[in-house]
There are 2 protein chains.
Amino acid sequence: MKTRDRILDISLTLFNQEGEAALSAVDIANALDMSPGNLYYHFKGKEPIIEALFGRFEDEMAIILNGTHGAVESIEDNWVFVYIVLEEIYDFRFFYRNVGELVGQYPALAKRFRKVLAMKRRAIDSVLSVLEQRNMMSIDKRLRAALIDQLVSTLTFWLSFDVVEGTDRSGPRLIHDTVLRFMLQIVPYMGADGQAVLERMLERHRQMVSA
Amino acid sequence: MKTRDRILDISLTLFNQEGEAALSAVDIANALDMSPGNLYYHFKGKEPIIEALFGRFEDEMAIILNGTHGAVESIEDNWVFVYIVLEEIYDFRFFYRNVGELVGQYPALAKRFRKVLAMKRRAIDSVLSVLEQRNMMSIDKRLRAALIDQLVSTLTFWLSFDVVEGTDRSGPRLIHDTVLRFMLQIVPYMGADGQAVLERMLERHRQMVSA
DNA sequence: GTCTATAACGGGATAGAC
DNA sequence: GTCTATCCCGTTATAGAC
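(A) Summary view of the protein's contact with DNA strand C. The full set of residues close to DNA strand C is Ser-24, Ala-25, Gly-37, Tyr-40 and Lys-44 of chain A together with Thr-3, Met-34, Ser-35, Gly-37, Asn-38, Tyr-41 and His-42 of chain B. Among atoms of DNA strand C positioned within 4 Å of the protein, sugar and phosphate together represent 69%. Ala-25 of chain A has a polar backbone atom sitting 3.2 Å from a phosphate oxygen of DNA strand C. Taking Tyr-40 of chain A, its side chain carries an N or O atom lying 2.9 Å from a phosphate oxygen of DNA strand C. Breaking the surface near DNA strand C down by element, the ones donating at least two residues are helix H3 (36–42) of chain A together with helix H3 (36–42) of chain B. Among the elements that line the surface near DNA strand C, the one with the most residues is H3 of chain B, at 4 residues. The residue inventory of the surface near DNA strand C, partitioned by class, reads 4 nonpolar, 7 polar and 1 charged.

Right, dumping it as structure tokens:
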């Protein structure tokens, strides 16, 4: 199974670099100094490769999202948690640079993508609940549902947003900026502590970015 | 110039129905009972057609965004304003169903898309300013910038979000839901009035949806 | 301005030798 | 498992008739 993994590794790299649409199965074969026929022996085209890559992503995302967040309490914990999620997404960024496209083109992928979305939603819900229990935030029930939607949307479209805006930020910088953007959405529901939390977040962001 | 317009009309319809990627120049010609060669006489391929369609969109968007919003004061005015913007986007929805893709594929479009983005940003900024002047909302300067980002992001990715979520809502329903989602993001900054405004918005949304 | 016909290209996919 | 050779197909693009 070594060739199979080599194919997946190089495909992920190329897809992230050039975008999924820019590459044909033949391009991938060329990058591996491999004949198209040989590639087709392992994967019957681009689609199964993408499916296999999504499998990898799914697995790692499940570990992150279903694992740790019982331990997420402080703002700093939350920061790290969101950072890890975004980093994982960044490793498979070609899925996110044009979600709509992929979901439209590969219906099988759409289903699985929605499952990941649901996992994100549950994780956020659970983290918010912890914050509420500790009286670190309080929010109207209706607004809470909308907030979760917004946060899921942020986790899903931050890379597209960056593409559209055309700001040419490095990966780590983009991730830090997005963590901040994510966290700031929670601040207004932190009541009197909000102001202090905001300052801490901005300070933390400054540190991270200048590092 | 009549054939030219017929081409643009049918292209817009088809792109919205099937997606930009799903259609070739030949498909468009077929839909018009026209030979591919004839189509190429008017537009040298798909790209110039898309550029021309974006020109239409740009023009109408500029009228909406730069025009009315001096008159936007009450919550109801805002609701209508956002509704009109979303409706216009919906008319050219193929641009928005996978923004990342189009922007990546047609660099010329990217620039123009960013201009529209900037127009949206200015319009939102200006509306928020009005609300602030009337003491209908108050918001920390740093959070304000983030809020505007979030609102622009909502206006840009609501259609992609719908595609990804796979909820099969009708156009008008989707637009109403999105207006609500947009407006709810402002509520937390309305202070004591927030609760009442929230109820009014939800009530309005119920009316709109059941109509 | 509109049409038909056709050339040129590239990707997807497979057969069969090694 | 890997390779070469090849076929099929849809898209792009142009030449030239009407």
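That shown, we press on.
(B) Layout of the confidence of the model for chain A. When the pLDDT values of chain A are averaged, the result is 94; 98% of them are 70 or greater. Within chain A, the lowest mean pLDDT, 88, falls on helix H7 (residues 99–105) of chain A, and the highest, 98, falls on helix H10 (residues 171–184) of chain A.

(C) Representation of the packing of aromatic side chains. Residues and elements named next belong to chain A. Going through the model one piece at a time under the given rule, you end up with 23 aromatic pairs over all chains. Put simply, the rings of Phe-15, Phe-54, Phe-57, Phe-92, Phe-94, Phe-95, Tyr-96 and Phe-113 pair up and form one aromatic cluster. We note Arg-93 situated over the ring of Tyr-90; from NZ or CZ to the ring centre the distance is 4.1 Å.

(D) A look at the relation of the copies chain B and chain A. Superposing chain B onto chain A requires a rotation of 180° together with a translation of 0.0 Å along the rotation axis, leaving an RMSD of 0.1 Å. Viewed as a symmetry operation, the transformation between the two copies matches a two-fold axis. Same-surface contact between copies: 100% of interface residues of chain B are shared with the interface of chain A.

(E) Just the interface of chain B and chain A, in detail. Contact with chain B, which involves 37 residues of that partner, is made by 37 residues of chain A. Taking both partners together, chain B and chain A bury about 3100 Å²; carbon and sulfur atoms supply 64% of that area. Among the residues of chain B in contact with chain A, Gln-150, Phe-157 and Val-164 of chain B are the three that bury the most area, contributing 20% of the side total. Linking chain B with chain A are 4 salt bridges, by the criterion used here.

(F) Broad picture of the domain arrangement of chain A. All names here are of chain A. According to the domain assignment, chain A consists of domain 1 (1–44) and domain 2 (52–210). On a C-alpha basis, the centres of domain 1 and domain 2 stand 30 Å from each other. Facing 10 residues of domain 1, the contacting portion of domain 2 comprises 11 residues. If you sort the residues of domain 1 by the area they bury against domain 2, Leu-12, Asn-16 and Glu-20 come out on top, with a joint share of 60%.

(G) Looking closely at the protein's contact with DNA strand D. Lining the immediate surroundings of DNA strand D are 14 residues, of which Thr-3, Ser-35, Asn-38 and His-42 of chain A together with Tyr-40 of chain B lie closest. Within 4 Å of the protein, the atoms of DNA strand D are drawn from sugar and phosphate moieties in a proportion of 69%. At 2.8 Å, a side-chain N or O of Asn-38 of chain A approaches a phosphate oxygen of DNA strand D. Ala-25 of chain B places a polar main-chain atom, nitrogen or oxygen, 3.3 Å from a phosphate oxygen of DNA strand D. Every element with two or more residues in the surface near DNA strand D is listed here: H3 of chain A together with helix H2 (25–31) and H3 of chain B. When its residues are assigned to classes, the surface near DNA strand D shows 5 nonpolar, 7 polar and 2 charged.

(H) Geometry of a negative patch on the surface. Residues and elements named next belong to chain A. A cluster of acidic residues, Asp-59, Glu-60, Glu-87 and Asp-91, forms a negative patch at the surface. For the negative patch, the secondary-structure elements that each account for two or more residues are helix H4 (46–67) and helix H5 (75–91). Considering the arrangement of structural elements, one finds Glu-60 in helix H4.

About the cut-offs
Residues numbered from 1 in each chain as written. Chains lettered and ligands numbered in written order. Predicted model: local features only at pLDDT ≥ 70, side-chain atom pairs only at ≥ 80, totals over all residues. Heavy atoms only, no water. Near = heavy atom within 4 Å. Polar contact = N/O pair within 3.5 Å; in protein donor to acceptor, adjacent residues only side chain to side chain. Helix = DSSP H or I, 4+ residues; strand = E, 2+ residues; numbered from the N terminus. Nonpolar A, V, L, I, M, F, W, Y, C, P; charged D, E, K, R; others polar. pLDDT = per-residue confidence, 0-100. Phe/Tyr/Trp six-rings, centres within 6.5 Å; stacked < 30°, edge-to-face > 60°. Lys NZ or Arg CZ within 6 Å of the ring centre and 35° of its normal. Least-squares fit on C-alpha atoms with pLDDT ≥ 70 in both. Contact = heavy atoms within 4.5 Å. Buried area = accessible area lost by both parts, 1.4 Å probe. Salt bridge = Lys/Arg side-chain N within 4 Å of Asp/Glu carboxyl O. Domains from an automatic or database assignment. Patch = residues over 30% accessible without salt bridge, like charges linked within 9 Å, V, L, I, M, F, W, Y side chains within 5 Å. Areas by Shrake-Rupley, 256 points an atom, 1.4 Å probe, with all protein chains shown as cover. Lys, Arg positive; Asp, Glu negative; His and termini not counted. Charge placed at Lys NZ, Arg CZ, Asp CG, Glu CD.

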